[in-house]
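Listed below, chain by chain, are the residues.
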Amino acid sequence: MIDDMTKEKNYIAAIREIGIRLQKGGDFYADLCNVTAVLKKHLDHVYWIGFYFLKDSRLVLGPFQGTPACVFIETGKGVCASCVREKRVIIVPDVRTFEGHIACDPVSKSEIAIPCFDRNRRLRAVLDLDSDSPDSFDEIDRKNLEKVTQCLNELWV
Ligand code: SME
């Protein structure tokens, strides 16, 4: 289990690198690919990270790092769908206890889903992170991952 200080340090390094890469900018989709790569590189407690885009009222897999994942998620069921419905961060300490959890990979033991809004506060995507240990995500993750999604607000096209 990662201690809070290491987790904070990892996020500081990740957010710094994301800031530099987004400043250079270029292609938004490619930038999102790098956002997942940077987070995966720095966050020791994460084994899968990816975006699900909200398209025609279902979620479609976007840039990610990790094992192959479900391509489509209907918005009725699962952690990401709850994030869309409730438009808030969902932290799941134990995926087995989350009603309707979709197990793209049985290795996943805990999960966090963060809503991604554009400049008009329209929900555009979900940033989803999985850990292979239970109880891996907390307020440190929420605070820092919201910072990451806020960096993206202006960039959605
Ligand atoms: N567990 C998610 C599905 C996405 S995967 O974890 C990559 C859910 O219940 O929505």
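Refer to the structure above for everything that follows.
The structure displayed is predicted, hence computed values, not measured ones.

Trainee: Would you mind going over the state of the cysteines with me for this structure?
Mentor: Joining two cysteines, a disulfide is a covalent bond between their sulfur atoms. This model, assessed by the stated rule, comprises one disulfide. The disulfide that involves cysteine 70 links it to cysteine 104, with 2.2 Å between the sulfurs. Measuring handedness by torsion sign, the sulfur bridge of cysteine 70 and cysteine 104 sits at about -125° and is left-handed. Of this pair, cysteine 70 sits in the loop between β2 (58-65) and β3 (72-74) while cysteine 104 sits in the loop between β4 (90-92) and β5 (110-117); the two residues are 34 residues apart in sequence, bridging distant segments of the chain.

Trainee: Can you walk me through the site of the ligand in this structure?
Mentor: Residues in contact with the ligand, as listed here, are Trp48, Tyr52, Ile73, Gly78, Val79, Cys80, His101, Ile102, Cys104, Glu111, Asp128 and Asp130. Contact distances for the ligand include 3.0 Å between a nitrogen atom and a side-chain N or O atom of glutamate 111. Contact distances for the ligand include 3.3 Å between an oxygen atom and a side-chain N or O atom of aspartate 130. Expressed as a share of its isolated accessible area of 310 Å², the protein-covered part of the ligand is 98%. At the level of secondary structure, the elements contributing two or more residues to the shell around the ligand comprise β1 (48-55), α3 (79-86) and β6 (123-131).

Trainee: Sorry, what's going on with the side chain of serine 136 here?
Mentor: The residue serine 136 is located in the loop between β6 and α4 (139-152) in this model. For serine 136, a relative accessible area of 7% puts it in the buried group. Polar side-chain contacts of serine 136 include one of 2.7 Å to the side chain of serine 131. Only 3.1 Å separates the side chain of serine 136 from the backbone oxygen of serine 133, close enough to count as a polar contact.

Trainee: In this structure, what is going on with the packing of aromatic side chains? I would like to understand it.
Mentor: How two aromatic rings sit relative to each other is given by the distance of their centres and the angle of their planes. According to the stated counting rule, one finds five aromatic pairs in the structure shown. On the basis of an interplanar angle of 80° and a centroid distance of 4.9 Å, the ring pair of phenylalanine 28 and tryptophan 156 is categorised as edge-to-face. Taken as a pair, phenylalanine 28 in helix α2 (residues 28-42) and tryptophan 156 in the segment after α4 lie far apart in primary sequence, 128 residues in all. For the ring pair tryptophan 48 and phenylalanine 64, a centre distance of 5.5 Å and an interplane angle of 20° mean the geometry is stacked.

What counts, and where the lines are drawn
Residues numbered from 1 in each chain as written. Predicted model: local features only at pLDDT ≥ 70, side-chain atom pairs only at ≥ 80, totals over all residues. Heavy atoms only, no water. Disulfide = S-S within 2.5 Å. Helix = DSSP H or I, 4+ residues; strand = E, 2+ residues; numbered from the N terminus. Near = heavy atom within 4 Å. Polar contact = N/O pair within 3.5 Å; in protein donor to acceptor, adjacent residues only side chain to side chain. Areas by Shrake-Rupley, 256 points an atom, 1.4 Å probe, with all protein chains shown as cover. Buried < 20%, exposed > 50% of the residue type's maximum accessible area, 1.4 Å probe, protein only. Phe/Tyr/Trp six-rings, centres within 6.5 Å; stacked < 30°, edge-to-face > 60°.

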